[in-house]
Amino acid sequence: MTPAEIAPKDRLIVALDLPSVDAAEAMIARLGDSVTFYKIGYRLAYAGGLPLVAKLADSGKKVFLDLKLHDIGNTVSQGVESITRLGATFLTVHAYPQTMKGAVEGRGSSTLKILAVTVLTSYNSDDLHAAGYRLGVSELVEARAQQAQVLGIDGLVSSPEEVGALRKIVGHQMHLVTPGIRPAGSATGDQKRIMTPGRAISAGADYLVVGRPVVEASDPRAAADAIQAEIAQALA
Ligand SMILES: O=C(O)c1cc(=O)[nH]c(=O)n1[C@@H]1O[C@H](COP(=O)(O)O)[C@@H](O)[C@H]1O
């Protein structure tokens, strides 16, 4: 499926950043058929959440396994090869050349898609400079996108602010996945590069990753439905 063919409803990925499998399963039940795509990251994966990947996949949902791998190439390659058997649709690695090369080798011809995290959405250019980088956010995101494309990576994670420039670099062959999504009026938290769901879709994002604005809402299903409506309106 090319990114342009993704159904509006499948573009919302809810981050199950919850403390236990029980809490995640309760949230999945509350969200019901309004959400088709879930992300499992550090918090849930390290709390026994990995078997939930296959369970969700068997129930017809898609899973983004957000492990943000980064190690020597051989270790990444072997780790990704193990992960291909879990049933996830997407897996994240950090966008370093050796890491991306190892991940593509480990993925092989499996159906797992590798997403490279360009620059975390909680970083601005000052944070990058403090971490020793010479480039600012947009320059580093674009440089990493070019490297990812050459190495055969399937998609990129960035903030919605960079999506327009990324689309010009990678066309429609790579999935553009954007966290840093904040519906109007919701708390920013630690995110620094943010956009509303509608603006992110209009900017060209394929998938929106949303955590706290849904899972910490008093009515998570209503929050997810409102985001879905904003996505559909932006695509209409
Ligand atoms: O790879 C990610 O999903 C990711 C990359 C990034 O640059 N920024 C980012 O926030 N994320 C993840 O996206 C989710 C955003 O959650 P909220 O800020 O609660 O909406 C979290 O699970 C983060 O780990």
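Residues numbered from 1 in each chain as written. Predicted model: local features only at pLDDT ≥ 70, side-chain atom pairs only at ≥ 80, totals over all residues. Heavy atoms only, no water.

## A closer look at the overall build of the protein
So, step 1. Looking only at helices and strands, one finds 11 helices and 8 strands in the protein.
So, step 2. Over its C-alpha trace the protein gives a radius of gyration of 17 Å, about what one expects of a compact globule, namely 18 Å for 236 residues.
So, step 3. Projected onto its principal axes, the C-alpha positions of the protein cover 40 × 35 × 35 Å.
So, step 4. In the protein, which comprises 236 residues, the proportion classed as buried is 49%. (Helix = DSSP H or I, 4+ residues; strand = E, 2+ residues; numbered from the N terminus. Rg over C-alpha atoms; globule rule 2.2 N^0.38 Å. Buried < 20%, exposed > 50% of the residue type's maximum accessible area, 1.4 Å probe, protein only.)

## Side note on the environment of Ile153
So, step 1. Its place among the elements puts Ile153 in the loop between α7 (137-151) and β6 (155-157).
So, step 2. For the pair Ile153 and Ala232, spaced 79 residues apart in the sequence, the C-alpha separation amounts to 28 Å.
So, step 3. Look past the residues within four positions of Ile153 in its chain and what remains in contact with it is Met100, Val104, Ile114, Ala116, Ala148 and Met174. (Contact = heavy atoms within 4.5 Å.)

## Topic: the site of the ligand
So, step 1. Within the structure, the ligand sits among 18 residues, and Asp17, Lys39, Thr121, Arg182 and Arg212 are positioned closest to it.
So, step 2. One of the side-chain nitrogen or oxygen atoms of Thr121 is found 2.7 Å away from a nitrogen atom of the ligand.
So, step 3. At 2.7 Å, a backbone N or O of Arg212 approaches an oxygen atom of the ligand.
So, step 4. Coverage of the ligand by the protein chains reaches 89% of its 500 Å² of free accessible surface.
So, step 5. Looking at which element gives the most residues to the shell around the ligand, the answer is strand β3 (residues 62-69), with 3 residues.
So, step 6. Here the residues of the shell around the ligand sort into 8 nonpolar, 4 polar and 6 charged. (Near = heavy atom within 4 Å. Polar contact = N/O pair within 3.5 Å; in protein donor to acceptor, adjacent residues only side chain to side chain. Areas by Shrake-Rupley, 256 points an atom, 1.4 Å probe, with all protein chains shown as cover. Nonpolar A, V, L, I, M, F, W, Y, C, P; charged D, E, K, R; others polar.)

## Comments concerning the sheet that holds strand β4 (residues 90-94)
So, step 1. Taking strand neighbours around the barrel as the criterion, the 8 strands line up as β1-β2-β3-β4-β5-β6-β7-β8 in a closed arrangement whose pairing is parallel. Taken pair by pair, the neighbouring strands of this sheet meet at an average axis angle of 25°, ignoring direction.
So, step 2. Here 3 bridges tie strand β1 (residues 12-15) to strand β8 (residues 207-210), and the two strands are oriented parallel to one another. Within β8, the residue paired with Val14 across the bridge is Val210.
So, step 3. The strands touched by helix α4 (residues 73-83) within the sheet are β3, β4 and β5 (113-117), with β3 carrying the most contacts at an inclination of about 165°. (Pairing = 2+ DSSP bridges. Axes fitted to C-alpha atoms, helices over the stretch in contact; angles between N-to-C directions.)

## Focus on the environment of Lys62
So, step 1. In this fold, Lys62 is placed in strand β3.
So, step 2. You can call Lys62 partly exposed: its relative accessible area is 31%.
So, step 3. Put simply, Lys62 and Val93 are 31 residues apart on the chain and 18 Å apart in space, counted from C-alpha to C-alpha.

## Here we look at the pattern of salt bridges
So, step 1. Under the defined criterion, the tally for this structure stands at 11 salt bridges.
So, step 2. For Arg167, the salt bridge identified is with Asp206, shortest N-O distance 2.9 Å. Within this pair, whereas Arg167 is found in helix α8 (residues 163-170), its partner Asp206 is found in the loop between α9 (197-203) and β8, the two being separated by 39 residues in sequence. Take Arg167 and Asp206: they sit in the same class, and that class is buried.
So, step 3. Connected through salt bridges with shared partners, the residues Asp33, Arg221 and Asp225 form a single ionic network. (Salt bridge = Lys/Arg side-chain N within 4 Å of Asp/Glu carboxyl O.)

## Quick notes on the nonpolar core
So, step 1. Leu16, Ile40, Leu91 and Leu156 are the most contacted members of the largest nonpolar core, which totals 60 residues.
So, step 2. No other element matches the 5 residues that α7 contributes to this core.
So, step 3. Among all residues touching Leu156, those that are not within four sequence positions of it are Leu115, Ala116, Thr118, Ala145, Ala148, Leu166, Val170, Met174, His175, Leu176 and Val177.
So, step 4. By size, the runner-up hydrophobic cluster in this structure holds 12 residues, among which are Ile6, Ala15, Phe64 and Val209. (Core = buried A, V, L, I, M, F, W, Y, C linked by side-chain atoms within 4.5 Å.)

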